[in-house]
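Descriptive analysis of the structure
Residues per chain are reported as follows:
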Amino acid sequence: NVPFSRMGAAKVVGVDISPGMIEAATSHPAKRNIEYYVEGDISNLKDTLLRTTNKTNLMPGAQFDTGLFDLSVAVFVFSYLTITDMGKTLKDVFSLLKPGGSFVFSVPHPFMSSHDGESFGFTQH
């Protein structure tokens, strides 16, 4: 979030299903006044954003159909969704991107599931 605002983002909007993560983000000492965080289900992203416009300073209207964001980022989200919910999420994300906007996402590599909490199997010297 902070890097996005430092890179010139006019607004950063974060959505998380966890109230604890939203609290951590909103109370972070480095939070800037262009950052907005709301609790919601990513598989109902558009509805979540429409329901929380009073918290995100987003204006309901045509932009919800023509694109609000230049960039959307999802970190480890798809590991927790069903195939159906992935489809709903992708539909909402792409409908909320401005023309030419980008969607970047990450999922954990299967190697991470075997992480033993120590050295990832590498020898430490």
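Check the entry above for the structure.
This write-up is about the structure you can find in this document. Residue numbers restart at each chain and count upward from 1, following the sequence in its written direction. The model is predicted, so local features are restricted to residues of pLDDT at least 70 and side-chain atom pairs to those at 80 or more, both for listing and for counting; the totals for chains, interfaces and linings are taken over all residues. For side-chain calculations, the full set of non-hydrogen atoms in the structure is used, while hydrogens and water are omitted.

1. A word on the side chain of Ser 72
Numbering of helices and strands starts at the N terminus; helices are DSSP runs of H or I of at least 4 residues and strands are runs of E of at least 2. Tracing the backbone through its elements, the reader meets Ser 72 in strand S3 (residues 69–75). Only protein chains enter the calculation, and the probe is 1.4 Å; a residue is then buried if its accessible area is under 20% of its type maximum, exposed if over 50%, and partly exposed in between. We classify Ser 72 as buried; its relative accessible area is 17%.

2. A few points about the environment of Ser 95
Within the secondary structure layout, Ser 95 lies in helix H6 (residues 83–96). In the structure, Ser 95 is positioned 29 residues away from Thr 66 in sequence and 7.1 Å away in space, judged by C-alpha atoms. Every residue pair with non-hydrogen atoms within 4.5 Å of one another is taken to be in contact. Not counting the four nearest positions on each side in its chain, Ser 95 is found in contact with Lys 46, Phe 64, Asp 65 and Gly 67.

3. A word on H6
The span expected for a helix works out to 1.5 Å for each residue beyond the first. Across its 14 residues, H6 extends 20 Å between first and last C-alpha, which sits within 8% of the 20 Å expected from 1.5 Å per residue. All of the buried residues in H6 are Thr 89, Asp 92, Val 93 and Leu 96. Buried positions in H6, seen along its axis, are confined to an arc of 100° and lie on one side of it. More than 90 degrees from the buried face of H6, the exposed residues found are Ile 83, Thr 84, Lys 91 and Phe 94. This arc is taken over the directions from the axis of the helix to the C-beta atoms.

4. Brief notes about the pattern of salt bridges
What makes a salt bridge here is a side-chain nitrogen of Lys or Arg within 4 Å of a carboxyl oxygen of Asp or Glu, nothing more. Per the stated rule, a full pass over the model turns up two salt bridges. Across the pair Lys 98 and Asp 70 runs a salt bridge whose closest N-O atoms are separated by 3.8 Å. Separated by 28 residues along the polypeptide, Lys 98 in strand S4 (residues 97–106) and Asp 70 in strand S3 bring together distant segments of the chain. Among the residues examined, Asp 70 registers a relative accessible area of 53% and is labelled exposed. Notably, a salt bridge pairs Lys 88 with Asp 85, separated by 3.8 Å at the nearest N-O pair. Taken together, the residues Lys 88 and Asp 85, both in helix H6 and three residues apart, mark about one turn of the helix. Taking relative accessible area as the criterion, Lys 88 reaches 34% and is therefore assigned partly exposed.

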